[in-house]
Amino acid sequence: MRVSYEWLKDYIDVDLSPAELAERLTAVGLAVEGLEDPGAGLAGLLVGKILSLAPHPDADRLQVCQVDIGKGMVQMVSGAPNLAVGQLVPVALPGAKLPGLESRLQAMEFRGVTSQGMLCSTWELGLGDTEADRAGIMILEEGQPGDKLSSALRLDDVVLVLELTPNYAVHCQSMLGVAREVAMLTGLAVKEPAIILPDSAHGAEKRVRVDVVDTELCPRYSTRIISDLETRPSPLWMQQRLRKAGMRPINNLVDVTNYVMLEMGQPLHAFDYERVQDKRIIVRPALPGELLITLDGMERELQEDDLVIADAKRAIGLAGVMGGENTEVGPATRHVLLESACFHPTTIGRTSRRLGLVSEASNRFHKGVDVNGCIRALDRAAALLAQLGGGRLTAGPIDVYPHPVPPKQILLRPARVNKVLGTELSGEEMANCLERLGLSVRRETAAWQVTVPTRRGDLQEEVDLIEEVARVYGYDRIPATIPGGMASEQLVTEQTMVQEQAGQILRGCGLNEAVTYSFFDRRDLDRLQLPAFAQQRRLIPLANPLREEQAFMRTLLFPKLLEACAFNASHQTLGGAFYEIGPVYLADDLPLQDLPAEELRLAMAAYGEIMSGGWSGRPVTAGFFWLKGVIETLAQGLHLGELAFRPSDQPSFHPGRQASLLCNGVPVGVFGEIHPLVAEAYDIPGPVVAAELDWQALAENKRLPEYRPLARFPAVHRDLALIVPDEIPAARVAAVITAAAGPLLDGIVLFDVYQGQPVPAGSRSLAYSLTYRSPERTLTDAEVDAVHDRVRTALQTELRANLRS
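Residues numbered from 1 in each chain as written. Predicted model: local features only at pLDDT ≥ 70, side-chain atom pairs only at ≥ 80, totals over all residues. Heavy atoms only, no water.

Comments concerning the overall build of the protein
Helix and strand counts for the protein come out as 22 helices and 39 strands. Projected onto the principal axes, the alpha-carbon positions of the protein cover approximately 120 × 90 × 60 Å. Looking at the protein residue by residue over its 805 residues, the buried ones come to 48%. Across the protein, contacts joining residues at least 24 apart in sequence account for 69% of those joining residues at least 6 apart. Accessible surface for the protein amounts to roughly 39900 Å². Of this, 51% is attributable to carbon and sulfur atoms. (Helix = DSSP H or I, 4+ residues; strand = E, 2+ residues; numbered from the N terminus. Buried < 20%, exposed > 50% of the residue type's maximum accessible area, 1.4 Å probe, protein only. Contact = heavy atoms within 4.5 Å. Areas by Shrake-Rupley, 256 points an atom, 1.4 Å probe, with all protein chains shown as cover.)

Structure (structure tokens):
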């Protein structure tokens, strides 16, 4: 919410400076994020009056202007086509600095004629960006020669930028709402705008019929007809107030509706009356598949839970969100049907989010408007339209309001106020706080009856009134106290402890923890090349998605980490590694009959160069074996037991560079290098690796570490190199070595893999380091040789290995 200080003073005679007012508003919870000077970019610019125009002696399209700037006359050269003697224009003298320019202006010579500055267009002043704003010099409506341009443009002002939290969004989303807050702070009276309606010839009910099909979705619908209007630009004062509030002026018909919305918090909409079929307004739910072209030119397919404004034949507006193109007011509009209504907040919010149409009006309807403020806002807009557009008003509005809403009555216990706040306020002090907010208080002995006007929809129960007392009394005046009661010990579950331990291990391996949304887009599954029959394609839709890209619950965890890799790569980060432990949501059948299965997963993804966390600080390249090492390090740190790796054929991963992971014989997931087409779809340069593991299955395999005493006897090391066919995995070779060596084998490490000459094609060379040790005695060479020969024989017999050493 942007509040013009100059506009605010129309409603309350505040004598605080903008900075002081901002400080005091923030102190009562209405946070002011900043103060802006809308005329800051116009410093040094003046109002000038054109006294004479003469053709340039040596240029057909230039004119030489003599301009009165109050303290004398200056000569300007301009090529603008819209200049005339007597006009007031913006003048920038030498030394002035225009918005968006780094250097200051200097006097310049145009074909022998000196220009002592320049006349400025609306675009050059940074106040507009249309073709009309660029085409000619800005002609001023107000001011005298020599006046400051910011003053003539009504920009000598300060704008307070408010951050409206949910509990202030209802009653502070208007200028009058903020004025009431200032009145509460200062004790001054609020001046409501005067509404003077001209006499009318006949009633609106004779010219239009209004039917509300569902009064729960539309508790109130009011309308007036204004005839014989002339569409033209709004006066400068209204245009500038709209600009300072962050809205673009369009014409007097549209600007009046926006102005009253900002003033009173009630959104309005103007229909071209002559384009309303059969002169009927019907407020109804949308028909299935009904189409409406909205004011932005987009064709929208509506759903049954959308609310529309329709005439006798078609929808003409999306209630509370945006009007329809088929009844848009324009330059030819002569008669306007003006709407002021109250719609169900949830319905408007849902439609607005689904269609991505978030506007000032939809925001206000979604947060809630005053159902009893519709007519006053309607009359205010009608009076302004009659004043600014020269129109005639019908006698009296049509007001469909079948169930009037009375002010809310809330019981308040004074003793409860002091107990909750930790204060010792008197009854007089409490009543004063509430009455300063415009609430009426009937004081009883034990409980008071507080009457809350409908404009304060945020006040629903006793605790809301207690908060208001604290706010008005002053948070800074409430004594600080230590909370009472016994502090309870925080319970940490075994699952949480295991997750924290896993996080420490993964961070030590160079991965960063990520927390991603639990939603994703259906198109993510296409990027992952998942087949049509995959269970992961059974997506659970959200009833009210925040946006189209987050419309479904995720069935996989690692795609969001791929997005994190892509985001970092797009910002020229050479590498990154991420992990996340979080749920996925799997459905057996759709639509859902029962709650979906929530499986806890561990996902990892990495690309480029990774800082592994070692003392050397040298980066490593993310690849298949790096990720395999991370998984083995995690398993070792958590004591998960025996890991095994098997070939895998997941379509999202590179064929031949992926593996399924087994923990103690149970499949727990897949990891490997992402398929190049998937990496390209995510726009990640170079290879990227990822893993998706069943965290619950891994955590259930966690065991207590087994104690092994330090070795008392020395070890004997032997190396072994052999050539085996490519289809025999290294894990199979290690298993044969372990079985043949027996209990004397203390360790086995694969330290080299080689393919190429002189190794035959289709084979590879594997080199292992074997450690032999006995816990009971020092081994002799003869004992080690016997075991080692047994290992060699087993490799030749079982695997047909060709031994190289």
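Overview of helix H12 (residues 414–421)
Of all the positions in H12, only Pro414, Val417, Asn418 and Leu421 are classed as buried. Seen along its axis, H12 keeps its buried residues to an arc of 90°; they face one direction. Of the residues in H12, the exposed ones pointing more than 90 degrees away from the buried face are Ala415 and Lys419. Taken from the residues just after H12, Gly422 is the one with a positive phi, measuring 70°. (Arc of directions from axis to C-beta.)

Things to note about the sheet that holds strand S2 (residues 32–36)
If you trace the three strands from one edge of the open sheet to the other, you get S1-S10-S2, paired in antiparallel fashion. Only two strands of the sheet have a single neighbouring strand rather than two, namely strand S1 (2–4) and S2. Each adjacent strand pair in this sheet contributes to an overall mean axis angle of 25°, direction not counted. Pairing geometry for S1 and strand S10 (residues 159–162), over three bridges, is antiparallel. Opposite Arg2, over in S10, you have Val161 as the bridge partner. Where helix H2 (residues 18–27) meets the sheet, it contacts S2 and S10, and its direction lies at approximately 170° from that of S2. (Pairing = 2+ DSSP bridges. Axes fitted to C-alpha atoms, helices over the stretch in contact; angles between N-to-C directions.)

A look at the packing of helix H7 (residues 236–244) against helix H8 (residues 252–264)
Between two packed helices, the angle of one axis relative to the other and the distance separating the axes together describe the packing. Relative to each other, H7 and H8 sit at 55°, their axes nearing to 10 Å. Here H7 is positioned oblique relative to H8, judged by the angle of their axes. Crossing of H7 over H8 shows left-handed handedness. Each of Trp237, Met238, Arg241 and Leu242 in H7 lies in contact with H8, whose residues at this interface are Asp255, Val256, Asn258, Tyr259 and Leu262. Here the residues of the contact of H7 with H8 are counted per class, giving six nonpolar, one polar and two charged. (Parallel < 35°, antiparallel > 145°, perpendicular 65-115°, else oblique. Left-handed = near helix turned anticlockwise from the far one by under 90°. Nonpolar A, V, L, I, M, F, W, Y, C, P; charged D, E, K, R; others polar.)

Considering the environment of Leu561
Looking at the secondary structure, you find Leu561 in helix H17 (residues 558–570). It is 46 Å that separates the C-alpha atoms of Leu561 and Glu263, two residues lying 298 residues apart in sequence. Those residues within four positions of Leu561 in sequence are excluded, and the remaining contacts are Ala514, Thr516, Phe578, Tyr579, Glu580, Ala603, Met604 and Ala605.

Things to note about the sheet that holds strand S23 (residues 408–412)
Working definition: the strands of a sheet are paired by backbone hydrogen bonds and lie parallel or antiparallel to each other. With antiparallel pairing, the three strands of this open sheet are ordered in space as S23-S25-S24. Because the sheet does not close on itself, it has two edges, and the strands there are S23 and strand S24 (440–442). Shown here is a sheet whose adjacent strand axes are inclined to one another by a mean of 25°, direction ignored. Strand direction decides the pairing type here: S24 and strand S25 (residues 448–452), joined by three bridges, are antiparallel. Paired with Arg442 across the bridge in S25 is Gln449. Packing against the sheet, helix H13 (residues 427–435) makes contact with S23, S24 and S25, and its axis sits at approximately 10° to S25. Most of the contacts of helix H14 (residues 462–473) go to S23, to which it runs at about 75°, and overall it touches S23 and S25.

So, H13
For H13, the complete set of buried residues consists of Met430, Ala431, Cys433 and Leu434. Projected down its long axis, H13 carries its buried residues within an arc of 155°, all on one side. Buried residues belonging to H13 abut S23, H12, S24, S25 and H14.

Side note on the pairing of strand S36 (residues 716–725)
Here ten bridges tie S36 to strand S38 (residues 763–772), and the two strands are oriented antiparallel to one another. Looking across to S38, one finds that Val716 is bridged to Tyr772. In this structure, S36 lies alongside strand S39 (residues 802–803), joined through two bridges in antiparallel fashion. Within the sheet, the bridge partner assigned to Ile723 lies in S39 and is Asn802.

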